[in-house]
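What follows is each chain in one-letter form.
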Amino acid sequence: AQSVTQLGSHVSVSEGALVLLRCNYSSSVPPYLFWYVQYPNQGLQLLLKYTSAATLVKGINGFEAEFKKSETSFHLTKPSAHMSDAAEYFCAVSGAGADGYNKLIFGAGTRLAVHP
Amino acid sequence: ETGVTQSPTHLIKTRGQQVTLRCSSQSGHNTVSWYQQALGQGPQFIFQYYREEENGRGNFPPRFSGLQFPNYSSELNVNALELDDSALYLCASSPEITDTQYFGPGTRLTVL
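Residues numbered from 1 in each chain as written. Chains lettered and ligands numbered in written order. Predicted model: local features only at pLDDT ≥ 70, side-chain atom pairs only at ≥ 80, totals over all residues. Heavy atoms only, no water.

(A) Spatial organisation of the pairing of strand E5 (residues 44-50) of chain B. Residues and elements named next belong to chain B. Counting buried positions along E5 gives five out of seven residues, so the element sits mostly inside the fold. As defined by bridge partners, strand E4 (residues 31-37) adjoins E5 across six bridges and the pair is classed as antiparallel. Bridging across to E5, Tyr-35 finds its partner in Phe-45. Hairpin connection from E4 to E5: six residues lie between these consecutive antiparallel strands, with Gly-40 at a positive phi of about 80°. Here four bridges tie E5 to strand E6 (residues 53-57), and the two strands are oriented antiparallel to one another. Looking across to E6, one finds that Phe-47 is bridged to Arg-57. (Buried < 20%, exposed > 50% of the residue type's maximum accessible area, 1.4 Å probe, protein only. Helix = DSSP H or I, 4+ residues; strand = E, 2+ residues; numbered from the N terminus. Pairing = 2+ DSSP bridges.)

Structure (structure tokens):
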């Protein structure tokens, strides 16, 4: 069975500081991994995805994530936080079912706060 | 290109009632998935529709049902509403089953 663990339900950084949001996964097959962002009262927006090509994945808004198989991790980073980055971030793994369907399995989320 | 849209935006129902939520998939997408996101939690997979057939289901009771139409839009129906059904319901579409899922803005359901 596949699962995702996000370490830290709340992360607070200063504007301009490094953002690091942690995600560890469990998967019996090579995983597809995703980071989504959710702004208040909105749906989920895709930030980036890993699909077994390059291990360092660049996404939108200056975010990137590195797939590390040995550590079963897919941490999200951004060199310099902006106030507009304040949101909820979800890591997800794509899990294929026996019937051939494809569901996303999400972590519990990390709320990022950015203060001046 | 229009993204995934959902209606209504908000909905208030009472226990025991039935509700229908609607989703229009992104143009060219034949797969629709539905998720339930309770307050403070990550989304949970309800089911997936591919070319008008349900092809996968999560751990939700049968009172959660759905439909997908020939234009690939979809409905989520919930019967006999319970207080715990209060959540944000998210619809996601993808070009094919294995492709990236793109989410709509969600429908906030409150059950009183």
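(B) Focus on the nonpolar core. Residue and element names in this part refer to chain A. Trp-35, Leu-48, Phe-74, Leu-76 and Tyr-89 are the most contacted members of the largest nonpolar core, which has 28 residues in total. Of all the secondary structure elements, the ones that give two or more residues to this core are strand E2 (10-14), strand E3 (19-26), strand E4 (33-38), strand E5 (44-50), strand E7 (64-68), strand E8 (73-78), strand E9 (87-96) and strand E11 (110-115). Once residues lying within four places of it in the same chain are set aside, the contact partners of Leu-48 are Leu-33, Phe-34, Trp-35, Val-57, Lys-58, Gly-59, Phe-63, Glu-64, Ala-65, Phe-74 and Leu-76. (Core = buried A, V, L, I, M, F, W, Y, C linked by side-chain atoms within 4.5 Å. Contact = heavy atoms within 4.5 Å.)

(C) Representation of the sheet that holds E3 of chain A within the structure. Residues and elements named next belong to chain A. As summarised here, the arrangement of the five strands in space is E1-E3-E8-E7-E6, forming an open sheet in which the pairing is antiparallel. The open sheet terminates on both sides in strands that have one partner only, identified here as strand E1 (3-7) and strand E6 (56-58). For this sheet, the mean inter-axis angle between neighbouring strands, taken without regard to orientation, is 20°. (Axes fitted to C-alpha atoms, helices over the stretch in contact; angles between N-to-C directions.)

(D) Fine view of the sheet that holds strand E3 (residues 19-24) of chain B. Residues and elements named next belong to chain B. Strand order in the open sheet formed by four strands is E1-E3-E8-E7, with antiparallel pairing between adjacent strands. Only two strands of the sheet have a single neighbouring strand rather than two, namely strand E1 (5-7) and strand E7 (64-68). On average, each strand axis in the sheet is tilted by 20° relative to the strand beside it, whichever way the strands run.

(E) Quick peek at the side chain of Ser-94 of chain B. Residues and elements named next belong to chain B. Among the secondary structure elements, Ser-94 is positioned in strand E9 (residues 87-94). The exposure class of Ser-94 is buried, given its relative accessible area of 1%. With residues up to four places along the chain from it excluded, the contact list for Ser-94 reads His-29, Asn-30, Thr-31, Asp-99, Thr-100 and Gln-101.

(F) Local environment of the state of the cysteines. In total, this model carries two disulfides over all chains according to the counting rule given. Residue Cys-23 of chain A pairs covalently with Cys-91 of chain A via a disulfide, S to S 2.0 Å. The disulfide joining Cys-23 of chain A to Cys-91 of chain A has a torsion of about -60° about its S-S bond and is therefore left-handed. One end of the pair, Cys-23 of chain A, is in strand E3; the other, Cys-91 of chain A, is in strand E9, with 68 residues separating them in the sequence. The burial state of Cys-23 of chain A is the same as that of Cys-91 of chain A; both residues are buried. A disulfide bridge connects Cys-23 of chain B with Cys-91 of chain B, and the sulfur atoms are separated by 1.8 Å. An S-S torsion of about -55° defines the bridge between Cys-23 of chain B and Cys-91 of chain B as left-handed. Here the residue Cys-23 of chain B occupies a position in strand E3, and Cys-91 of chain B occupies one in strand E9, the gap between them amounting to 68 residues. Residue Cys-91 of chain B is classed as buried on the basis of its relative accessible area of 0%. (Disulfide = S-S within 2.5 Å.)

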